[in-house]
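Listed here are the chains, written in short residue letters.
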Amino acid sequence: NSACNLASINLLRFLNEDGSFRVEEFLQTVRVMILAQDIIVSGAGYPTETIGKNARNFRELGLGYANLGAFLMALGLPYDSDSARASAAAVTALMCGEAYRYSAEIAAVAGPFGGFAVNREPMLRVLQKHRDAMYAVNRNLVSDPAIYDAAMHSWNESVRLGSEHGVRNSQVTVIAPTGTISFMMDCDTTGVEPDFALVKMKSLVGGGTMKIVNRTVPRALRRLGYREPEANDIIAHVEERGTIEGAPHLKDEHLAVLDCAAKPANGSRAISWPGHVKMVAAVQPFISGGISTWHCMARCGPS
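A brief report on the enclosed structure follows.

Rules behind the numbers
Residues numbered from 1 in each chain as written. Predicted model: local features only at pLDDT ≥ 70, side-chain atom pairs only at ≥ 80, totals over all residues. Heavy atoms only, no water. Helix = DSSP H or I, 4+ residues; strand = E, 2+ residues; numbered from the N terminus. Rg over C-alpha atoms; globule rule 2.2 N^0.38 Å. Buried < 20%, exposed > 50% of the residue type's maximum accessible area, 1.4 Å probe, protein only. Areas by Shrake-Rupley, 256 points an atom, 1.4 Å probe, with all protein chains shown as cover. Pairing = 2+ DSSP bridges. Salt bridge = Lys/Arg side-chain N within 4 Å of Asp/Glu carboxyl O. Core = buried A, V, L, I, M, F, W, Y, C linked by side-chain atoms within 4.5 Å. Contact = heavy atoms within 4.5 Å. Phe/Tyr/Trp six-rings, centres within 6.5 Å; stacked < 30°, edge-to-face > 60°.

Secondary structure assignment for the chain yields eleven helices and four strands. Here the C-alpha radius of gyration of the chain, 20 Å, is about what a compact globule of 303 residues would show, namely 19 Å. In terms of its C-alpha atoms, the chain occupies a principal-axis envelope of roughly 60 × 45 × 35 Å. Residues counted as buried form 54% of the 303 residues belonging to the chain. In the form shown here, the chain has an accessible surface area of approximately 13600 Å², with 54% of it arising from carbon and sulfur atoms.

Okay, structure coming up:
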């Protein structure tokens, strides 16, 4: 009997070619989105009065991200690796920590959510648990340590400001599958998942199919040190065969960077189901709502 409006940030837009992350631009995007989403809560219509009452009293928001899989691929990190999980955890913590920090700033002006007073102690305890989870993230494994440092600052401030002013929103983040909007945002991957396949065929409503090729592969190859002629040969192989396996010039140790959720018809490699589960476990401590994963369900649901 409640609701939260969703929004997703394309992570790849904040990644520089050298692997550094545009932290300040990302933080500003989080603030703009949280403010806009909070405004929508009061202006929206709801299907039942109970849902409307709870939504306005607790003001749950669902800020999330898309393109995590492509983000990690562009960094040259295998999705199923400790470094990928640490980097994903840090950027998720940055998003959620800043969202709560800014929610506390809004509360200083507009007041906390209606149910805050009676839930003050457990709400502040939740913020502290999120902040304390930062100590389990290995800063040395994060692709850009500036992400970790900024996230720690945001969480410390969210706890401090939340204690002073409360927070405007009981929930600020979720990770949705972002299946449709990821296409609109030019993403190669959806929410928290890796790519389903480097080459995909999508059935169209009016009939026919569309071939979709992962556009992050060239960037990943540059990051891994391949020269343009070598990269072009590898990309041509992927487009023709639908798999990275057997590509010319490609080193064995780089195969994992380009692994996907589904095993290609003419290949044998795919990310194992624990790789999906471990990624969700890495980022969940920094999400105040839930995480939806299509690819993990497709890969490991039947077993």
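Back to the write-up after that little detour.
With that settled, the discussion passes to the pairing of strand β3 (residues 199-203). Where β3 lies against strand β4 (residues 209-213), five bridges are found, and the strand directions are antiparallel. Counterpart to S203 in the pairing with β4 is T209.

Within the structure shown, the criterion is met by 20 salt bridges. One salt bridge connects R101 with E105, and the closest N-O pair in it is separated by 2.5 Å. Note that R101 and E105 are positioned in helix α4 (residues 82-110) at a spacing of four residues, about one turn of the helix. E230 is the salt-bridge partner of R227, the closest N and O atoms lying 3.3 Å from each other. Looking at E230, the relative accessible area reads 18%, which means it is buried. Connected through salt bridges with shared partners, the residues R31, E98, R101 and E105 form a single ionic network.

As a further point, take the nonpolar core. Counting residues in hydrophobic clusters, the biggest one holds 66 residues, and the most contacted among them are F21, F26, I34, L68, L94 and M279. Counting residues per element, the ones that place at least two in this core are β1 (5-10), α1 (23-43), β2 (61-66), α3 (68-74), α4, α5 (120-133), α6 (145-165) and α10 (273-283). Broken down by element, this core gets its largest block of residues, 15 residues, from α4. Not counting residues within four places of it along the chain, the set of residues in contact with M279 comprises L68, L72, Y79, A84, R85, A88 and V192. Listed in part, the 19 residues of the second largest apolar core include V217, Y226, V238 and C260.

Time to look at the packing of aromatic side chains. What the rule picks out here adds up to seven aromatic pairs. Ring plane angle 85 degrees and centroid distance 5.3 Å describe the contact between F14 and F26, whose orientation is recorded as edge-to-face. Of this pair, F14 sits in the loop between β1 and α1 while F26 sits in helix α1, placing them twelve residues apart in sequence. As far as burial versus exposure is concerned, F14 and F26 are alike and both buried. Relative to F71, the ring of F21 has its centre 5.8 Å away and its plane inclined at 85 degrees; by these criteria the two rings are edge-to-face. Taken as a pair, F21 in the loop between β1 and α1 and F71 in helix α3 lie far apart in primary sequence, 50 residues in all. Comparing F21 with F71 shows no difference in burial state: the two are buried. Here the aromatic residues F14, F21, F26 and F71 are joined through ring pairs into a cluster of three or more.

Taken by themselves, the reported measurements are silent on function.
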